[in-house]
Amino acid sequence: MLKPKVSIIGSGSVGIRYAYSLMMAHLARSIVVLDIDKKRTEGEVMDLASCMPFVSPVDIAIGDYPDLKHSDIVVITAGAKQKPGQSRLELAKQNVEIYKDIIPKVMAHASDAIFLIVTNPVDVLSYAAYKISQKPWQEVMGSGTVLDSARLKLLLSKHCNIDARNVHAYVLGEHGDSEFPVWSSAMIGGILFKDYCPMCNKCNIKTSLPDMFSEVRNFAYEIIKRKGETSYGIGLALNRITSAILKDENSVLPVSSFVDNYYGVDDVYMSVPAIVNKKGVRELLKLKLEPEEIDNLKKSAKLIKEAIRSTGL
Ligand code: NAD
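Residues numbered from 1 in each chain as written. Predicted model: local features only at pLDDT ≥ 70, side-chain atom pairs only at ≥ 80, totals over all residues. Heavy atoms only, no water.

Turning our attention to the layout of surface pockets. There is about 800 Å³ of room inside the largest pocket. Thr 77, Ala 78, Gly 79, Ala 80 and Lys 81 are, among the 39 residues lining the largest pocket, the residues nearest its centre. Among the secondary structure elements, those contributing two or more residues to the lining of the largest pocket are helix 1 (13-25), helix 3 (92-110), helix 5 (146-160) and helix 7 (205-227). Among the elements that take part in the lining of the largest pocket, helix 3 stands out by supplying four residues, more than any other. Tallied by class, residues from the lining of the largest pocket come to 15 nonpolar, 14 polar and ten charged. Each of domain 1 (5-142) and domain 2 (146-310) accounts for three or more of the residues forming the lining of the largest pocket. (1 Å grid on protein atoms, 1.4 Å probe; cavity = no way out; pocket = protein on both sides within 12 Å on 5 of 7 lines; lining within 4 Å. Points joined across faces, edges and corners; volume = space filled by probe spheres on them. Helix = DSSP H or I, 4+ residues; strand = E, 2+ residues; numbered from the N terminus. Nonpolar A, V, L, I, M, F, W, Y, C, P; charged D, E, K, R; others polar. Domains from an automatic or database assignment.)

Further remarks concern the nonpolar core. Grouped together as the largest cluster of nonpolar side chains are 46 residues, with contacts concentrated most on Ile 9, Ile 76, Val 106, Ile 117 and Leu 297. At the level of elements, strand 2 (30-34), strand 4 (73-76), helix 3, strand 5 (114-117), helix 4 (122-133), strand 13 (256-259), strand 14 (268-271) and helix 9 (291-310) are the ones that each hand at least two residues to this core. Formed jointly, this core draws a minimum of three residues from each of two domains, domain 1 (5-142) and domain 2 (146-310). Once residues lying within four places of it in the same chain are set aside, the contact partners of Leu 297 are Phe 180, Tyr 262, Tyr 263, Val 265, Met 270, Val 272 and Leu 289. Counting residues in each nonpolar core, the second largest holds 37 residues, with Cys 51, Val 58, Val 146 and Ile 241 among its members. (Core = buried A, V, L, I, M, F, W, Y, C linked by side-chain atoms within 4.5 Å. Buried < 20%, exposed > 50% of the residue type's maximum accessible area, 1.4 Å probe, protein only. Contact = heavy atoms within 4.5 Å.)

Here we come to the domain arrangement of the protein chain. Taken as a whole, the protein chain is organised into domain 1 (5-142) and domain 2 (146-310). Each partner contributes residues to the interface: domain 1 has 38 residues there, and domain 2 has 42 residues. Summing both sides of the interface, domain 1 and domain 2 together bury roughly 3,500 Å²; the carbon and sulfur share of this comes to 68%. At the surface where domain 1 touches domain 2, the tally comes to one salt bridge. Across the pair Glu 229 and Arg 17 runs a salt bridge whose closest N-O atoms are separated by 3.9 Å. Between domain 1 and domain 2 we count eleven residue pairs in polar contact (both at pLDDT 80 or more) in total. Elements with a contribution of two residues or more to the side of domain 1 that touches domain 2: helix 1, strand 4, strand 5, helix 4 and strand 6 (140-142). Looking at the side of domain 1 that touches domain 2 residue by residue, the classes come out as 20 nonpolar, ten polar and eight charged. (Buried area = accessible area lost by both parts, 1.4 Å probe. Salt bridge = Lys/Arg side-chain N within 4 Å of Asp/Glu carboxyl O. Polar contact = N/O pair within 3.5 Å; in protein donor to acceptor, adjacent residues only side chain to side chain.)

This part takes up helix 8 (residues 232-246). The end-to-end C-alpha distance of helix 8, which contains 15 residues, comes to 21 Å, matching closely the 21 Å that a straight helix rising 1.5 Å per residue would cover. For helix 8, the set of buried residues is Ile 234, Gly 235, Ala 237, Leu 238, Asn 239, Ile 241, Thr 242, Ser 243, Ala 244 and Ile 245. At the C-terminal side of helix 8, Asp 248 shows a positive phi close to 55°. (Expected span 1.5 Å × (residues − 1).)

What follows covers unusual backbone geometry. Of note, the amide linkage connecting Lys 3 to Pro 4 takes the cis form, showing an omega dihedral of -5°. Between Asn 120 and the following residue, Pro 121, the backbone shows a cis peptide bond with an omega angle of -5°. When you line up the elements, Pro 121 lands in the loop between strand 5 and helix 4. Positive phi, normally seen in glycine, also occurs at His 26, with a value near 55°. Here His 26 lies in the loop between helix 1 and strand 2. Residue His 26 is classed as partly exposed on the basis of its relative accessible area of 46%. We note that Asn 161 has phi near 55°; this positive angle belongs to a residue other than glycine. Structurally, Asn 161 is set in the loop between helix 5 and strand 7 (167-168).

This brings us to the site of the ligand. As a matter of local geometry, the ligand sits amid 24 residues, with Val 14, Asp 35, Arg 40, Ala 80 and Ser 143 nearest to it. Between a nitrogen atom of the ligand and a main-chain N or O atom of Ile 36, the distance comes to 3.5 Å. Within the side chain of Asn 120, one N or O atom sits 3.0 Å away from an oxygen atom of the ligand. Protein chains bury 88% of the 870 Å² of accessible surface belonging to the ligand in isolation. More than half of the atoms of the ligand fall within 2 Å of the grid points belonging to the largest pocket. Looking at which element gives the most residues to the shell around the ligand, the answer is helix 3, with three residues. Taken together, the residues of the shell around the ligand sort by class into nine nonpolar, eleven polar and four charged. (Near = heavy atom within 4 Å. Areas by Shrake-Rupley, 256 points an atom, 1.4 Å probe, with all protein chains shown as cover. Sits in = over half its atoms within 2 Å of the grid points.)

Written out as structure tokens, the structure is:
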């Protein structure tokens, strides 16, 4: 048995981009890919296997549920994706039904693995995976707003002409239309953004910040309008989360986690900063939020809960 082992359920655009990124980053020694579309998955795996002479040794194979045994992480991307103009929440019912089929089969063979949920709406599906599996919440997380936060950092970095690695900013809440930026704790090189802005004073932040955030929120819609899906960004965001788990990094990432007793928000999955290591989510960080941000967090939680309820969970 070769470790670390990552199993991927769903070999569509996202699953395969992620598998490719895992190979390139030498993160896993063994990768299993499972999908109901066996023929195409076989083709994808053959294609990926032909990369092997160019990368560190890695075993990649098509598999079925028994082959998930000894996985460190099971990443689930299986399910329907957004059509142009469709919101993520509109996919909830259909994808929860798929999870009712998938999760018990994963539990039968890889109940110890960390579950990393990607299928949209990711907060609803992470909650579904947690409820159906009855695993400890720490071991079930969603990709959340890791990518959205990265996009916000990128736009801030371009806007301020500062290296993105010196920009810190979170997008929290739902990975979807009700997500919100936490400007109060955004930082440029260790200086709070709200203090940095008046020093720089090169733009009108009353318009530039909302414009920047709506670009972040609409990023996926704009990509889907043009090419039908988003996959490279999420592939690398998953790679980042995988690294935090497999290398026991204790990284702070806004993954979708079980949020309870957090600014009055209970019993929901959504993104807040979480410390991620080999056991999953070690703990959530209670970020100091401004009253308007707390309102946004609560609104987002309410929408996710309504979507969860609409699926009958
Ligand atoms: P896709 O249609 O290319 O792939 C989905 C795959 O799931 C298909 O290969 C399909 O055969 C498979 N599948 C469906 N039902 C299955 C089942 N019961 N068992 C096994 N496999 C099954 O879609 P995609 O572009 O790869 O997107 C996958 C999901 O990820 C979508 O829900 C999409 O909205 C979501 N997504 C999430 C994020 C995020 O940030 N969380 C980003 C991009 C996409």
